Every structure is written in C-alpha cells, then in structure tokens.
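Chains, contacts and geometry: an overview
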Protein chains: 2
Amino acid sequence: MAKIRVGINGYGTIGKRIADAVLKMPDMELIGVIKITPDYGAYIASMKGIPIYTIRDRLDAFKSRGFKVEGVLEDLLEDIDVLVDATPAGYGMKYLDSIYRRFMEEKGLKVVFQGGEKPEVAKKSFNAYCNAAEAYGAESLRVVSCNTTGLLRTICVLDKAFGVERVRATIVRRAADPKEDRRGPVNSIKLNPPKIPSHHAIDVKTVVPGIDVETAAVVVPTTLMHVHSVYMVLHREVSIDDIVEELSRWNRIMLIDAESTGIDSTAKLIEASRDLGRPRYDIPELIVWRDTIMARGRELWFIQAVHQESIVVPENMDAIRAVAKTDGYPEKSIELTDKILGLGRIFKLG
Amino acid sequence: MAKIRVGINGYGTIGKRIADAVLKMPDMELIGVIKITPDYGAYIASMKGIPIYTIRDRLDAFKSRGFKVEGVLEDLLEDIDVLVDATPAGYGMKYLDSIYRRFMEEKGLKVVFQGGEKPEVAKKSFNAYCNAAEAYGAESLRVVSCNTTGLLRTICVLDKAFGVERVRATIVRRAADPKEDRRGPVNSIKLNPPKIPSHHAIDVKTVVPGIDVETAAVVVPTTLMHVHSVYMVLHREVSIDDIVEELSRWNRIMLIDAESTGIDSTAKLIEASRDLGRPRYDIPELIVWRDTIMARGRELWFIQAVHQESIVVPENMDAIRAVAKTDGYPEKSIELTDKILGLGRIFKLG
C-alpha cells in the first residue's frame, strides 16, 4: 500500500515533534514542512533532510540566507494526502478559509488541526482512547490540546471500564514551555481563568459530550509539565487494584510508583526521561502516580502529569491515519504508533 | 481588668508577627520574647523595644554582641500568664517536656502552640470559626497551621450555614517563604506528599472530627501564598448568592472579584496589600475569589488563597484569650482581634 503523503504547516513545539514522528512511521512519508521564518528551526529541519516550503512573500528571505526551498504552501498542498496544521493558535482557521478549503474541495486534501483552534475548525475533535472509530474517514480532525488529551485518556479508559458519573479536576498548569523566555508568572499562582469551570472542561466535552466534567485551573512558575488532581465519582464501587489493573492495560498511560522509584515530581520525571535517552526528553504518555490513587466507594481520586510538548504526538499519528482511512484503523494505527514511538516501555518501575 | 501578660518563645516568621499583634492588643502586655541567636531578628526586636530573653548558655553570645538581655526562659515563664510557643516544628513538644510542664503544673502557666507540633502537644487544636467556645479555659491550645486554618475557615462557616457532607480540596502550596533562600523546588511541581489524602485533611479533622474532609497537595515554585481548589458537597442545594452572602459576613474571609479588580493571582493580591500599606504586606484574611464560585445542586467549588506567614495571627490572639479566660470570650475576643488588626477592611472591592 502506498505511504500516506504528509505535510506539516508549522515547525514549532508541536510541528517539529510531529515531523520527527512522521519520519519514523513506516506507513508515512514526510513531503515537507512549511516555515515562515528562516531561523534556527529551519537549520534543524535542513540538517534532518526535511524539505522546507514557505509562503510566497518569504521566498526571498529563505533564499538570501542560503536555505533550499522546495516551493510554497500551495505547491506542498498539491503533493500531499494529509496536512497537519501546527500553526499558532487561531491561524489554522485563517489558513482553512484562505487556502486549505479549496484544496479539500478540489483535491480531496485532508487536514488535522491542533487544539489551539476552535472546535468548529474541523469535523470532529479527536482523542485516540475516546472516539477513534468515529473519526474514520473524516475530512478534517482536531487533536485536542495537551491538558484535554491528558484528561481524556484517563476519563475515557475509566468510563469504559467502570462508568464515570462526574469528574471534578483541578489543573496546575506550567507557566511556559522551556524555550519560552518571555512568559510568566515568575513568582505567583495565577487563576487561569478566574472562574470555574475553566475552558478545559468545555474542550473535554467536545470529544465526550455525554460525560459530566468540570475543571478549575491555576498557572504556576514551572516549565516542565502540567499536573492534574483528578477527582471522579464512578457508576460503581472500585478498589485501588481495579484502577491499577485497568490503567496498566494502556500504553499511553504510565503508572509510576513514587515511593519505590523516588519519582515524586515533574522534575524527576523529566530527569528519568533524559537518563533514558528519550528524544528531547519527551514523555508522550500520561503519567499517573499509583501511590496517589484514593478509591472509596464510588469515589476515585489521583494525581497525573502531562508533558505539554509531546502528549499530542501519538494522537496526531492516529488522526493522520483516520483521515487517510488506513486498513485496520483504529486498532492497528494505535498499535503501530505505540510500537514505533516506544510508548509504554519505560517507567514500568516499582 | 489586668492585662494578659504574654511571652513568646521564638521570633521567626510566626513569632515576630504574634509579637507585633500582642503589642497592639489593648488587653495584652508583651513581657518578652525568647531568642536563641543574637541575629538580625534580635536587632529588630530591640528597635521595637521588645524585652529579649534567651536560654542560659546563650547569655554570653547576646552580651558579647551588645544586646540587653532581661533573663532566661525560666525567668520569663515566672512573669507571664500565657506563653505562645512559636519555635520551629517539633521543638514545642521538647520544651513542653523539659520546661513548660513544670510551670503549667506549679504556676498555672498556659501555653499556645503552633500547627507544626503534633496534636498531642496541647489539650485541643484550635480555630476561631470552628471550636472557639470549647477552647475556653483549656490549659493549652494548638493553633493549626496555615493551610489547615484556611480550610477550616470556609469549611466551618459553610458547615454551620448549609451543612457540609464532604470536602475534596486540592492544595497548591508555595515552595518557600520569601526569606527562605535555600528551599525549592525552583522548576517543578512536586507531590507533597505523593499520596491522597495529604496530612492537611488529617489536621483539619483534629478540629472538626465529624466532617468528611480529604486533601491532595502539590508544591510549586512560588513564595507568596498557598492556593486551594475547594470542592464540597453540601447537605442542601445552594446558589452562588447564598455562598457570597454567607462568606461576606465574616471578617476573616475576604471575597475578591477577580474581574472587576483585576486581582487574579497571588502576586496581585500581595501587590494590593503593599499598596495599602499593610505591615509586611500581610493578609491574615482568607481570600476567596468570588468569580470562581460554582454552585450546582449540592455541589460547591471555589478557589481560595492563604497568606502562609500571617493567617494564623488572629487565631493566636483568640487562643491567648481562650486560655486566659477573658470576659465575653469568644465573641468579644474575635471582635477585638478583628478591629485592632483591621481585618475585613480592605479588598472589599468589586
């Protein structure tokens, strides 16, 4: 079967990780990435042999700095089956209206958007553990954002196994990504937003509208990962063992025992990932601390951590295959993504 | 009526604030504070005219640095009605066994301990909005710690008004006090502890054993205040207006409207306190963001902030009067404390 010809618009935090993952996937071919600025990221893409495209009025800027440019956005769109839009939040909608839609209608282009876009940008919002089957053959999908993806993984797995009556989660957000040296707060806990529910719950419901989920969120001065305190009421009584057994079945959820491993913080999680030689120290798995699980009657409570830069990468691989209608989707897609990215293989300690 | 003669053992973060508050109270006299080291804090105490006492083997150290010392701990205990122990966590118990107990039995000394001590240190753990009346005449009391005091204020007020069925609160702790330049984390979210429930719930139950409270806690890199996401199920349905009306009645709980004031973080709360000229920018009131209140059926959810350095100061004033058995306690004590410390007078904005 022919490989899926993939293009990526944007080569920032998410785009460059999706590019690396696409390069690894045996059933995909990375035709090119769109860069707007001939900066450090363009050097990295060149070094990796990734074809660079740009937009028309930036051609000279790239050429004057000695970069080889394969063409413009429209040229790339002619040559691919699936575009992954990884532009800054809100730009996907603009590109959809100005350019993508024409290629979707005339050439059958499929597009995968990211969670920074409004839900209306795509036919469906997507999470592999929640609604992968329903996404098959969609003209466009939206992979929800990092916090939403993290919440959905445990919510959907636990809902299928035990039934979720309601979720009340408190999100402790990282202030900035490691490279973002302009963002804060530096010494504050900031309500984000100053109301309950926060938008995260609303985003979760774009994927699982039937589940009663609400969230509260604060931002804190750290760059490594988000942390969620997830309180749920289930439809039936569960034990800690029930929860451990169920969560252990899923490669994209990693149970960590804080006591036996000594890993009781986001800093130590990242240090372990560095020690294990993971690319960029990424942790696409949702981390759940096993020691924190409190099960009492139908109540369930635990703490989980989300690596904001990489958690959506596996979901993007599956979304690409959903819109490309690959054989055996979704099971084979999820299996292949996990295998190639090595998910679920580390941290199985304690 | 004679003033209550008060001594304070320890002049650190809590001790120095209690000293300042005692100096202001019209019905109390500060006989002296115990200092162990002739450091910067001793200069400040001297400047304020507070009599300094020490322990026997530190007398020379103080004299060699030119400090006037009134005597040793035992001398102070002879001259006072109530000792407030504000020594580092765990030292209170040691002092109780080695020295205080003798003065309690032989001289009728009363002692107020802080929340860093185990509950067994005192006859009763204390919060002014929960069990002030029962504390009257106790030989010793323990003012619970900052997070516990913050939780208890809203829990007890709401329990009296509406009945609290259960509380599930997530605590986002500040990493260090502003002066503590050795503590972290600097860039991490750390589970504290890596289990649910955290010790805070256990501490809350030392004051209100009948209420079903559990807590989860993480530490984050900030120094200013703690923040709590407080989720409750009440015995009856409430509206947001019910909650606002009830919480507004209490001087030690301050409702802030984030939207109209622009105060949506701990940094902005502290900035407002600095602008208002509050001593050391202290905020002894528990802050509740009005915009965050979510009331749905019997569910209630809101975000509150605790100024860890000062929230227990008013409670210490009332605890002193409880053990000293003042007239009209507890109502007159709480009223006088609030009036003299100016509680509930600022931030009534929006």
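Residues numbered from 1 in each chain as written. Chains lettered and ligands numbered in written order. Predicted model: local features only at pLDDT ≥ 70, side-chain atom pairs only at ≥ 80, totals over all residues. Heavy atoms only, no water.

Side-chain pairs of opposite charge can arise where the charged atoms are in close proximity. By the definition in use, this model includes 66 salt bridges over all chains. Salt-bridge contacts for Arg183(A) lead to Glu180(A); the nearest nitrogen and oxygen are separated by 3.3 Å. The class of Glu180(A) is partly exposed, set by a relative accessible area of 27%. The structure contains a network of salt bridges with shared partners spanning Glu165(A), Arg166(A), Arg168(A), Lys205(A), Asp212(A), Glu214(A), Arg298(A), Arg296(B) and Glu299(B). (Salt bridge = Lys/Arg side-chain N within 4 Å of Asp/Glu carboxyl O. Buried < 20%, exposed > 50% of the residue type's maximum accessible area, 1.4 Å probe, protein only.)

What follows covers unusual backbone geometry. Residue and element names in this part refer to chain A. The amide bond that connects asparagine 192 to the next residue, proline 193, takes the cis arrangement and shows omega of 0 degrees. Cis geometry is adopted by the peptide bond preceding proline 330, which originates at tyrosine 329 and carries an omega value of 5 degrees. Note that proline 330 resides in the loop between helix H12 (313-324) and helix H13 (331-341). Its identity as a non-glycine residue notwithstanding, arginine 280 has a phi of 55 degrees, on the positive side. (Helix = DSSP H or I, 4+ residues; strand = E, 2+ residues; numbered from the N terminus.)

Right, let's talk about the side chain of Glu315(A) for a bit. Residue and element names in this part refer to chain A. Among the secondary structure elements, glutamate 315 is positioned in helix H12. Classification of glutamate 315 by relative accessible area gives buried; the value is 0%. Ignoring anything within four residues of it in the chain, the contact list for glutamate 315 reads Phe126, Asn127, Ala128, Tyr129, Val143, Thr149, Arg153 and Arg252. (Contact = heavy atoms within 4.5 Å.)

Residue and element names in this part refer to chain A. The parallel open sheet is built from 8 strands, whose spatial order is S4-S3-S2-S1-S5-S6-S8-S7. Of all the strands in the sheet, the pair left with one neighbour each is strand S4 (71-72) and strand S7 (124-126). One ladder, built from 3 bridges, connects strand S5 (residues 82-85) with strand S6 (residues 110-114); its direction is parallel. Across the sheet, valine 82 pairs through a bridge with lysine 110, a residue of S6. Of the strands in this sheet, strand S1 (4-9), strand S2 (28-34), S5 and S6 are in contact with helix H1 (residues 13-24), which crosses S2 at around 155 degrees. (Pairing = 2+ DSSP bridges. Axes fitted to C-alpha atoms, helices over the stretch in contact; angles between N-to-C directions.)

Enumeration according to the criterion identifies 1 cavity of 30 Å³ or more in this entry. Counted as a void, the largest cavity has a volume near 50 Å³. Lining the largest cavity, in full, are Arg168(A), Thr170(A), Ser229(A), Tyr231(A), Trp301(A), Arg168(B), Thr170(B), Ser229(B), Tyr231(B) and Trp301(B). Its residues assigned to classes, the lining of the largest cavity comprises 4 nonpolar, 4 polar and 2 charged. (1 Å grid on protein atoms, 1.4 Å probe; cavity = no way out; pocket = protein on both sides within 12 Å on 5 of 7 lines; lining within 4 Å. Points joined across faces, edges and corners; volume = space filled by probe spheres on them. Nonpolar A, V, L, I, M, F, W, Y, C, P; charged D, E, K, R; others polar.)

Another point: the interface of chain A and chain B. Across the contact, 45 residues belong to chain A and 45 residues belong to chain B. Area buried by chain A at its contact with chain B is led by Ile189(A), Ile196(A) and Trp301(A), which between them contribute 19% of it. At the junction of chain A with chain B, the criterion picks out 10 salt bridges. Residues Asp264(A) and Lys190(B) are paired through a salt bridge, measuring 3.0 Å at the closest nitrogen-oxygen approach. For the pair chain A and chain B, the number of links is 28 residue pairs in polar contact (both at pLDDT 80 or more). The set of elements that each furnish at least two residues to the side of chain A that touches chain B consists of strand S9 (164-174), strand S10 (190-191), strand S11 (212-220), strand S12 (226-234), helix H11 (266-275), strand S15 (294-296) and strand S16 (299-306) of chain A. Residue contributions to the side of chain A that touches chain B peak at 6 residues, all from S11(A). Broken down by class, the residue content of the side of chain A that touches chain B amounts to 24 nonpolar, 10 polar and 11 charged. (Buried area = accessible area lost by both parts, 1.4 Å probe. Polar contact = N/O pair within 3.5 Å; in protein donor to acceptor, adjacent residues only side chain to side chain.)

This part takes up the packing of aromatic side chains. If you walk through the whole model with that rule in mind, you get 15 aromatic pairs over all chains. Of the aromatic side chains, those joined through ring pairs into one cluster are Tyr231(A), Trp301(A), Tyr231(B) and Trp301(B). Here the basic side chain of Lys94(A) rests over the ring of Tyr91(A), its NZ or CZ set 4.7 Å away from the ring centre. (Phe/Tyr/Trp six-rings, centres within 6.5 Å; stacked < 30°, edge-to-face > 60°. Lys NZ or Arg CZ within 6 Å of the ring centre and 35° of its normal.)

As a further point, take the pairing of strand S11 (residues 212-220) of chain B. All names here are of chain B. Counting buried positions along S11 gives 8 out of 9 residues, so the element sits mostly inside the fold. Summarising the sheet, strand S9 (residues 164-174) and S11 pair through 9 bridges and their orientation is parallel. Residue pairing for S11: arginine 173 is matched across the bridge by valine 219.

A word on the state of the cysteines. Linking two cysteines covalently via their sulfur atoms produces the bond known as a disulfide. Under the defined criterion, the tally for this structure stands at 2 disulfides over all chains. The side chain of Cys130(B) participates in a disulfide bridge whose partner is Cys156(B); the two sulfur atoms lie 2.0 Å from each other. With the S-S bond torsion at 105 degrees, the cross-link from Cys130(B) to Cys156(B) turns out right-handed. Taken together, the positions of Cys130(B) in the loop between strand S7 (124-126) and strand S8 (140-143) and Cys156(B) in helix H6 (residues 146-162) put the pair 26 residues apart, joining distant regions of the chain. As far as burial versus exposure is concerned, Cys130(B) and Cys156(B) are alike and both buried. The thiol of Cys146(A) is not disulfide-bonded; the next cysteine sulfur, from Cys130(A), is found 15 Å away. Classification of Cys146(A) as buried rests on a relative accessible area of 14%. (Disulfide = S-S within 2.5 Å.)

The subject of this paragraph is the domain arrangement of chain A. All names here are of chain A. In terms of domain boundaries, chain A breaks down into domain 1 (4-143 + 313-341) and domain 2 (146-306). Each of domain 1 and domain 2 was reduced to a C-alpha centroid, and the two centroids are 26 Å apart. Contact residues are listed per partner, giving 22 residues for domain 1 and 20 residues for domain 2. Between domain 1 and domain 2 the total buried area reaches about 1,700 Å² when both faces are included, carbon and sulfur atoms providing 48% of it. Of all residues in domain 1, the largest losses of buried area upon contact with domain 2 belong to Arg17, Tyr129 and Cys130, amounting jointly to 38% of the total for that side. At the surface where domain 1 touches domain 2, the tally comes to 7 salt bridges. Across the salt bridge formed by arginine 142 and aspartate 203, the nearest N and O atoms sit 2.6 Å from each other. Linking domain 1 to domain 2 there are 11 residue pairs in polar contact (both at pLDDT 80 or more). At the level of secondary structure, the elements contributing two or more residues to the side of domain 1 that touches domain 2 comprise H1, S7, helix H6 (128-131), H12 and H13. Element by element, the count of residues in the side of domain 1 that touches domain 2 is highest for H1, at 5 residues. Residue composition of the side of domain 1 that touches domain 2, by class: 7 nonpolar, 6 polar and 9 charged. (Domains from an automatic or database assignment.)

A separate point is the relation of the copies chain A and chain B. Between chain A and chain B, the superposition needs a rotation of 180 degrees and an axial shift of 0.0 Å, giving an RMSD of 0.0 Å. Expressed as an axis order, the relation between the two copies is that of a two-fold axis. Looking at the rotation axis and the C-alpha trace of chain A, the residue lying nearest is Pro221(A), at 2.8 Å. (Least-squares fit on C-alpha atoms with pLDDT ≥ 70 in both.)

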